[in-house]
Amino acid sequence: MDQIGVLSFALTGYEFSAVYNMLSLGIASMLFTSFFLWIARDRVLPKYRMAVMVSATVTSIAAYHYFRMFDSFSHAYGMNADSGAAAAAGQALEFGAAHYNVGYRYIDWLLTVPLLLVELVAVLGLVKAIQSSLLKRLVPAAAAMIILGYPGDAKMQLFGLDNSMWGLLSTIPFLYIMYVLWIELSKSLSSQSEKVRKIFQGLRLLLIATWGVYPITFILAMNSTGVATGQEVLAREVGYSIADILAKCLFGLIIFSIARIKSAEDDKAFAAAEGH
Ligand SMILES: *C/C=C(C)/C=C/C=C(C)/C=C/C1=C(C)CCCC1(C)C
């Protein structure tokens, strides 16, 4: 079986348009959030600039991969949708349908998920020792979660394990990350102001809610045949894209506003100049 692209049946015109538009929205969101964050990075004190720069790097990396996914998707399925071919399950594989590459998403995540955790920790301006102890646990766990999830989404039968087993293995580091963010990070919040603590708790809820969408989407797209149906492709692409937009763009913009609040708290002259 093909180990690079996911084998699938042709999409109906409706399924094709829905995924096509979602990926296009993904490009727009990632690209323009990147522009905004790069341009606005001087509106925070130097101490918090790293968090904003990392946020911009995350959305830039994702923008690049959304271009690649969009391209890969159009090539893999475009022919079928143009002719309006609504392939029913069980029909022979359509031209090109084997070439949509889910690897782009996983390479994107392998780079951006650790960076999202870096920006989350960096914006708090914690003592260096605490910061590095948190990241030493979060970053390897994030990498393990993504690497273990890939054979499942790529529908590989690696080491004799099927999709669900890879999903289950990937859930172990996922739960560990949730534990560190919820329990360990809470201890570091006591040094923050009331205002920052409130907004940070909201941010952490956003992270947990949006990251929770990924395993649910994975389950929706899971199957034992190794050949994805149109509905599974639709669920996977729409689910991951919406989650990505919230977990990278909205998340990055909230990081920016935390950096603004903390800058104003730290420096009265900055606060006055910025009209706080
Ligand atoms: C910007 C991209 C982000 C925040 C991606 C996050 C991805 C996950 C939290 C993925 C988790 C998975 C599981 C917990 C089990 C099934 C396999 C995964 C990789 C989808």
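What you are looking at is a predicted structure, and each value in this text was computed from that prediction instead of being measured.

Undergrad: Quick question: what am I supposed to make of the overall build of the protein chain here?
TA: Along the protein chain, the regular secondary structure elements total 8 helices and 0 strands. Counted from the first residue to the last, the protein chain has its helices and strands arranged as α-α-α-α-α-α-α-α. A fraction of 80% describes how many contacts in the protein chain between residues 6 or more apart in sequence connect residues 24 or more apart. Split by element, the accessible area of the protein chain, about 12300 Å² in all, is 70% carbon and sulfur.

Undergrad: Please explain the nonpolar core as it appears in this structure.
TA: Membership of the largest hydrophobic core comes to 53 residues, with the highest contact counts inside it found for Leu120, Ile177, Leu181, Phe200, Leu203, Trp211 and Phe251. Among all residues touching Trp211, those that are not within four sequence positions of it are Val113, Leu116, Leu117, Met145, Phe174, Ile177, Met178 and Ala247. Grouped together as the second largest cluster of nonpolar side chains are 21 residues, Met22, Ala62, Ala228 and Cys249 included.

Undergrad: Even after reading the chapter, I still don't get the packing of aromatic side chains, so can you show me in this structure?
TA: Each aromatic ring pair is characterised by the separation of its centres together with the angle its planes make. Evaluation of the coordinates by the stated rule reveals 15 aromatic pairs. Plain terms: the ring middles of Phe159 and Trp166 are 6.3 Å apart, the flat faces sit at 45 degrees to each other, and that makes the pair tilted. Through a chain of ring-to-ring contacts, three or more aromatic side chains come together here, namely Phe16, Tyr20, Phe70, Phe73, Tyr77 and Tyr100.

Undergrad: In this structure, what is going on with the site of the ligand? I would like to understand it.
TA: Taken together, 19 residues lie near the ligand, and Ser170, Trp211, Tyr214, Asp244 and Lys248 sit nearest. Out of a free accessible area of 530 Å², the ligand has 99% covered by protein chains. Because more than half of its atoms lie within 2 Å of the grid, the ligand is assigned to the largest pocket. Residue assignment for the shell around the ligand shows that the elements contributing at least two residues are helix H3 (103–122), helix H4 (128–153), helix H5 (163–188), helix H6 (194–220) and helix H7 (230–266). Top element by residues in the shell around the ligand is H3. It accounts for 5 residues.

Undergrad: How do you make sense of the side chain of Asp108 when you look at a structure like this?
TA: As for its placement among the helices and strands, Asp108 is situated in helix H3. Setting aside anything within four residues of it in sequence, one finds Asp108 in contact with Ile61, Ala62, His65, Asp244 and Lys248.

Undergrad: Explain H6 to me, please; I cannot follow it from the model alone.
TA: An α-helical turn contains 3.6 residues, so any two residues separated by three or four positions project in the same direction. The end-to-end C-alpha separation of H6 is 40 Å, in line with the 39 Å expected for 27 residues at 1.5 Å each. Within H6 the residues assigned to the buried category are Val196, Phe200, Leu203, Arg204, Leu206, Leu207, Thr210, Trp211, Tyr214, Thr217 and Phe218. In this fold, the buried residues of H6 make contact with H3, H4, H5 and H7.

Undergrad: Sorry if this is basic, but what is going on with the confidence of the model for the protein chain here?
TA: The predicted structure's coordinates, where accompanied by low pLDDT, should not be read in detail. Of all residues in the protein chain, 90% have pLDDT values of 70 or greater, and the mean over the chain is 86. Per-element confidence in the protein chain ranges from a low mean pLDDT of 88 for helix H8 (residues 268–273) to a high of 96 for helix H1 (residues 13–40). Taken together, the stretch residues 81–97 has pLDDT below 50 and engages in 24 contacts with residues farther than four places along the chain or on a different chain.

Undergrad: Could you clarify how one ought to interpret the side chain of Arg105 in this entry?
TA: Counting through the fold element by element, Arg105 comes out in helix H3. Assessed through its relative accessible area of 1%, Arg105 is described here as buried. Within polar-contact distance, the side chain of Arg105 engages the side chain of Tyr66 at 3.1 Å.

Undergrad: Help me out: how do you make sense of the environment of Ala264 in this one?
TA: Within the fold, Ala264 resides in helix H7. For the pair Ala264 and Glu274, spaced 10 residues apart in sequence, the C-alpha separation works out to 8.1 Å. Apart from the residues within four sequence positions on either side, Ala264 is in contact with Phe270, Ala271 and His276.

Undergrad: Is there a simple way to explain the packing of H3 against H6 in this structure?
TA: Two packed helices can be described by the angle between their axes and the distance between those axes. For the pair H3 and H6, the least separation of the axes is 13 Å and the interaxial angle reads 160 degrees. One way to sum up the angle between H3 and H6 is to call them roughly antiparallel. Two packed elements cross with a definite hand, and for H3 against H6 that hand is left-handed. Seen from H3, the contacting residues are Tyr106, Trp109, Val113, Leu116, Leu117 and Leu120; seen from H6, they are Phe200, Leu203, Leu207, Trp211, Tyr214 and Phe218. Here the residues of the contact of H3 with H6 sort into 12 nonpolar, no polar and no charged.

Undergrad: Explain the pattern of salt bridges here, please?
TA: Between side chains of opposite charge, a pair can form when the charged atoms approach closely. Scanning all chains against the criterion turns up 10 salt bridges. Taking the shortest distance from any N to any O, the salt bridge between Lys47 and Asp266 comes out at 3.5 Å. Note that Lys47 is positioned in helix H2 (residues 46–82) and Asp266 in helix H7, a separation of 219 residues in sequence. For Lys248, the salt bridge goes to Asp244, with nearest N and O atoms at 3.3 Å. One end of the pair is Lys248 and the other is Asp244, both in helix H7 and 4 residues apart, which spans about a single turn. With respect to burial, Lys248 and Asp244 carry one shared label: buried. Within the structure, one salt-bridge network assembled from shared partners comprises Arg105, Arg236, Glu237, Asp244 and Lys248.

Each value, and the rule that gives it
Residues numbered from 1 in each chain as written. Predicted model: local features only at pLDDT ≥ 70, side-chain atom pairs only at ≥ 80, totals over all residues. Heavy atoms only, no water. Helix = DSSP H or I, 4+ residues; strand = E, 2+ residues; numbered from the N terminus. Contact = heavy atoms within 4.5 Å. Areas by Shrake-Rupley, 256 points an atom, 1.4 Å probe, with all protein chains shown as cover. Core = buried A, V, L, I, M, F, W, Y, C linked by side-chain atoms within 4.5 Å. Buried < 20%, exposed > 50% of the residue type's maximum accessible area, 1.4 Å probe, protein only. Phe/Tyr/Trp six-rings, centres within 6.5 Å; stacked < 30°, edge-to-face > 60°. Near = heavy atom within 4 Å. 1 Å grid on protein atoms, 1.4 Å probe; cavity = no way out; pocket = protein on both sides within 12 Å on 5 of 7 lines; lining within 4 Å. Sits in = over half its atoms within 2 Å of the grid points. Expected span 1.5 Å × (residues − 1). pLDDT = per-residue confidence, 0-100. Polar contact = N/O pair within 3.5 Å; in protein donor to acceptor, adjacent residues only side chain to side chain. Axes fitted to C-alpha atoms, helices over the stretch in contact; angles between N-to-C directions. Parallel < 35°, antiparallel > 145°, perpendicular 65-115°, else oblique. Left-handed = near helix turned anticlockwise from the far one by under 90°. Nonpolar A, V, L, I, M, F, W, Y, C, P; charged D, E, K, R; others polar. Salt bridge = Lys/Arg side-chain N within 4 Å of Asp/Glu carboxyl O.

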